[in-house]
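Each chain, written out:
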Amino acid sequence: GLASQPTLSRCTAMLAEPANLKVLREAALELAGRNLRAENGGERRTRVTLDVDSLPIEVHGHQPKAEWSGHYRARIYHPLIISIAETGDMLDARLRPVNVGTADGALDVILDVVDRAEASLCEITHVRIDAGCPSGALLSGLERRGVHYVARLRANPALDRLAAPHMKRPPGRRPTEARLWTHELEYQAQGWDEARRVVLVVKERPDDLRLDRVFLVTSISRFQMNGRALLEHYRQRRK
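Draft legend 1. Geometry of the sheet that holds strand 7 (residues 122-129). Spatially, eight strands are ordered 6-5-1-7-8-11-10-9 in an open sheet, and the strand pairing comes out mixed. Strands with a single pairing partner mark the edges of an open sheet, and in this sheet they are strand 6 (90-94) and strand 9 (179-187). The mean inter-strand angle of the sheet, taken between neighbouring strand axes irrespective of direction, is 20 degrees. Inspection of the sheet shows strand 9 paired to strand 10 (residues 196-204) by nine bridges, in the antiparallel sense. Each bridged residue has a counterpart across the sheet, and for Leu 185 the counterpart in strand 10 is Val 198. Together, strand 1 (45-54), strand 5 (80-84), strand 6 and strand 7 form the strand contacts of helix 3 (residues 106-120), whose direction differs from that of strand 7 by roughly 150 degrees. This element, helix 4 (residues 136-144), spans strand 7, strand 8 (148-153), strand 10 and strand 11 (212-218) of the sheet and lies at about 115 degrees to strand 10.

Draft legend 2. Representation of the pattern of salt bridges within the structure. With the rule as written, the count across this model stands at 19 salt bridges. Of the charged contacts in the structure, one is a salt bridge between Arg 34 and Glu 30, with a shortest N-O distance of 3.0 Å. Taken together, the positions of Arg 34 and Glu 30, both in helix 2 (residues 18-39) and four residues apart, correspond to about one turn of that helix. For Arg 34, a relative accessible area of 51% corresponds to the exposed category. The salt bridge involving Glu 184 is made with Arg 197; its shortest N-O contact spans 2.7 Å. Taken as a pair, Glu 184 in strand 9 and Arg 197 in strand 10 lie far apart in primary sequence, 13 residues in all. One network of salt bridges, in which partners are shared, links Arg 25, Asp 92, Arg 94, Asp 112 and Arg 116.

The rules we used
- Residues numbered from 1 in each chain as written.
- Predicted model: local features only at pLDDT ≥ 70, side-chain atom pairs only at ≥ 80, totals over all residues.
- Heavy atoms only, no water.
- Pairing = 2+ DSSP bridges.
- Helix = DSSP H or I, 4+ residues; strand = E, 2+ residues; numbered from the N terminus.
- Axes fitted to C-alpha atoms, helices over the stretch in contact; angles between N-to-C directions.
- Contact = heavy atoms within 4.5 Å.
- Salt bridge = Lys/Arg side-chain N within 4 Å of Asp/Glu carboxyl O.
- Buried < 20%, exposed > 50% of the residue type's maximum accessible area, 1.4 Å probe, protein only.

Dropping the structure here:
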């Protein structure tokens with residue numbers, strides 16, 4: 001028969017012990033490496049892309065560090081998840097309470113996974129980050145280690161002022177199919193130690209009277225990846 005709830009709880013508690021968590025992380029890396037090598041003729045890949053996301057996990061009861069979130073209207077944890085974009089394999093997950101910022105603790109986790117990935121999976125890692133993570137400390141930390149990244153930025157008045165000259169519909173009749181344009185910007189947010197490359201993506205939809213926009217910040221130069229290529233690279237997070 002199936003295991004009882006107390007047995008499952010004891011098993012979960014045992015797996016959560018520090019020594020066992022270390023083994024589980026090593027096992028996740030080993031399984032991901034096997035998948036990558038199987039898809040690459042038994043060889044290590046030159047480059048692997050890591051996707052970094054935070055997500056809500058609803059809990060039922062009063063587990064330690066779980067708290068009520070007004071945004072999700074539930075008691076949740078707010079873990080950080082790192083997975084391999086090419087295969088979807090999860091490499092690491094760090095449980096965090098709901099009241100931490102999205103970027104809280106992210107740099108240490110990402111650099112730890114990068115070190116382990118480059119030791120056994122690939123030669124170089126790139127990182128793709130969701131809109132809640134690109135703090136100045138995180139971006140600077142990745143740059144110091146030479147880890148290339150691309151992250152979405154949430155719109156704000158300063159970015160909208162930079163985008164304003166490009167937010168005009170071109171002359172002519174409205175299109176019957178969607179169109180988009182990319183523009184190169186330079187932007188320094190409050191809390192950043194320097195200006196960085198930002199790609200503005202302007203989108204036009206046939207059924208929408210207004211143009212839409214997305215901002216991507218990256219350490220990848222325009223000579224390595226132009227605006228459209230960078231957008232396509234970032235869009236692969238959703239696949």
